[in-house]
Amino acid sequence: MPFIMKNFVFWSGVYNAGLALILTCPPAYRLLGLNIPAPLWGWLLAGFLGFSSAVLILAARNLRPRAAFVYWEAMLRYIAALLLVPAGLFGDLGLIAVPLGLGDLAIGLVYMIGLPKELGVSHRALLCDAVD
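We now turn to the structure provided with this report. (Residues numbered from 1 in each chain as written. Predicted model: local features only at pLDDT ≥ 70, side-chain atom pairs only at ≥ 80, totals over all residues. Heavy atoms only, no water.)

Some points on the nonpolar core
Moving on, step 1. Membership of the largest hydrophobic core comes to 20 residues, with the highest contact counts inside it found for Val-9, Val-70, Tyr-111, Leu-115 and Leu-126.
Moving on, step 2. Mapped by element, the contributors of at least two residues to this core are helix H1 (5-23), helix H3 (39-61), helix H4 (63-90), helix H5 (97-119) and helix H6 (123-127).
Moving on, step 3. Among the elements that take part in this core, H4 stands out by supplying six residues, more than any other.
Moving on, step 4. When near neighbours in sequence (up to four residues on either side) are disregarded, Leu-126 contacts Ala-67, Ala-68, Tyr-71, Trp-72, Leu-115, Pro-116, Val-121 and Val-131. (Core = buried A, V, L, I, M, F, W, Y, C linked by side-chain atoms within 4.5 Å. Buried < 20%, exposed > 50% of the residue type's maximum accessible area, 1.4 Å probe, protein only. Helix = DSSP H or I, 4+ residues; strand = E, 2+ residues; numbered from the N terminus. Contact = heavy atoms within 4.5 Å.)

Structural data, given as structure tokens:
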């Protein structure tokens, strides 16, 4: 089965939705070893993840004109990795944050490498929403 970017984008949106649901329930994320200091922060993150989930799922339905949204999501994934990995290793967020951060890094790299390759457009075109 060949790799299809729109399927990857869709399933990463579903993954975000799952994370959002988990972050709305403190006992669930504590069971996984995630230590968020106050439920408000988990709910706030869940809101952001829910929104990005919707963006990714909708972008997957018609990827070419919406690819810039996915490309910018890669930047968010890199920021998440930069925050989660050190917080998991050296902070009190919990070691589960390390694989979550590395997963975000991997997803971001797939977006950033796969979109230009599959759509035949430049990084600049994706960055500036100039995909025609």
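Once you've had a look at it, read on.
Focus on the packing of H1 against H4
Moving on, step 1. Between H1 and H4, whose axes approach to 12 Å, the crossing angle comes to 50°. As the angle between them shows, H1 and H4 are arranged oblique. The handedness of the crossing between H1 and H4 comes out as left-handed. Mapping the contact onto sequence places Met-5, Lys-6, Val-9, Ser-12, Tyr-15 and Asn-16 in H1 and Leu-63, Val-70, Glu-73 and Arg-77 in H4.
Moving on, step 2. Looking at the contact of H1 with H4, its residues break down into five nonpolar, two polar and three charged. (Axes fitted to C-alpha atoms, helices over the stretch in contact; angles between N-to-C directions. Parallel < 35°, antiparallel > 145°, perpendicular 65-115°, else oblique. Left-handed = near helix turned anticlockwise from the far one by under 90°. Nonpolar A, V, L, I, M, F, W, Y, C, P; charged D, E, K, R; others polar.)

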